[in-house]
Amino acid sequence: MFLLGLIHACSLYPSSLTLTVHLPPPPDHWQTAFPRLRYRLVYPRDETGDFDQLPTDGRTPVRVELPKACFLPVLAYPDPAAGIGELPPAGGVYPLDCTASGLSLLLSWEQGPAAEALRRLLSSGVDCSAVNVERLRREMSGRCRGDPWALDLEHIGARLASGQFRLTDIRLAPGRDVTIETGPGRWFLESPFRRPVTVEPEGLLSLEAVPLGAHFLFDGDSGACLFLYLGEETLLSPTPAE
């Protein structure tokens, strides 16, 4: 009878909780370049890897319902309304980024990459509660050289999913320095940690340690946006983003 009573009592506890999610202000240069910035808030619907989403302006806290589980990622993907899709997200992890009351979750740009890695894991059916998320985030921060989006998230995620993850798997994605003809302006890459670089009318834009692959390059002065693709030995000429 005691066991039956205990099971019945446990069934009375809710399987979910409601949190108020607070988004961080955008970087200063984003506020100038993207005055109509909005966000797509993404959060776990359950523990099976399904996610819900809500639109938000980023200025008003948003209430969401999460399953009761450890290390759940919540992300806010910025939409610059520039016709190029979304920018890298801000993020947070429940319960690590909760306030002392446990009722609010604070997202940050610094935790966006780790939250994105956990989102990919959860979407593929991996139980994130088995990951030492505190250590993962600390090591990602210490090894990223100022821009966590420069880390090789694909490699990190694959190694975490395999169960053979080592700290040495946290490494920068392959990249290289490039010099580009852009025209004058204050140009910056899509990562929120990439600060604008001023280019004079007769000058060239030099960028250090750009990860290989596709990127968007923005001019904070004119609002222009260029698409570029960087290979190991090649750079496709930047073209206006459609």
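Just above, that's the structure.
Residues numbered from 1 in each chain as written. Predicted model: local features only at pLDDT ≥ 70, side-chain atom pairs only at ≥ 80, totals over all residues. Heavy atoms only, no water.

Asker: Please explain the pattern of salt bridges as it appears in this structure.
Answerer: Side chains that differ in charge, positive against negative, can pair when their charged atoms come close. Applying the stated criterion to the full structure yields eleven salt bridges. The closest approach of N and O atoms between Asp 147 and Arg 194, which form a salt bridge, is 3.8 Å. With a gap of 47 residues between them, Asp 147 in the loop between helix 4 (133-143) and helix 5 (153-162) and Arg 194 in the loop between strand 9 (185-189) and strand 10 (197-199) connect regions that are remote in the sequence. What makes Asp 147 buried here is its relative accessible area of 10%. Among the salt bridges present, the one from Asp 169 reaches Arg 159, with a minimum N-O distance of 3.1 Å. Taken together, the residues Asp 169 in the loop between helix 5 and strand 8 (175-180) and Arg 159 in helix 5 connect sequence positions ten residues apart. The class for Asp 169 is buried, based on a relative accessible area of 7%. (Salt bridge = Lys/Arg side-chain N within 4 Å of Asp/Glu carboxyl O. Helix = DSSP H or I, 4+ residues; strand = E, 2+ residues; numbered from the N terminus. Buried < 20%, exposed > 50% of the residue type's maximum accessible area, 1.4 Å probe, protein only.)

Asker: Can you walk me through helix 4 in this structure?
Answerer: What sets the pattern is the α-helix's 3.6 residues per turn: residues three or four places apart point alike. For helix 4, the set of buried residues is Val 133, Leu 136, Arg 137, Glu 139 and Met 140. One or two positions beyond helix 4, positive phi appears at Arg 145, with a value near 60°.

Asker: Hey, could you run me through the sheet that holds strand 6 (residues 90-94) in this one?
Answerer: Pairing between sheet strands relies on hydrogen bonds along the backbone, with the strands arranged either parallel or antiparallel. Overall, antiparallel pairing links the four strands, which are arranged 3-2-5-6 in an open sheet. The open sheet has two edge strands with one neighbour each: strand 3 (51-56) and strand 6. Shown here is a sheet whose adjacent strand axes are inclined to one another by a mean of 20°, direction ignored. Alignment of strand 2 (residues 38-44) against strand 5 (residues 72-79), held across five bridges, turns out to be antiparallel. Looking across to strand 5, one finds that Arg 38 is bridged to Asp 79. (Pairing = 2+ DSSP bridges. Axes fitted to C-alpha atoms, helices over the stretch in contact; angles between N-to-C directions.)

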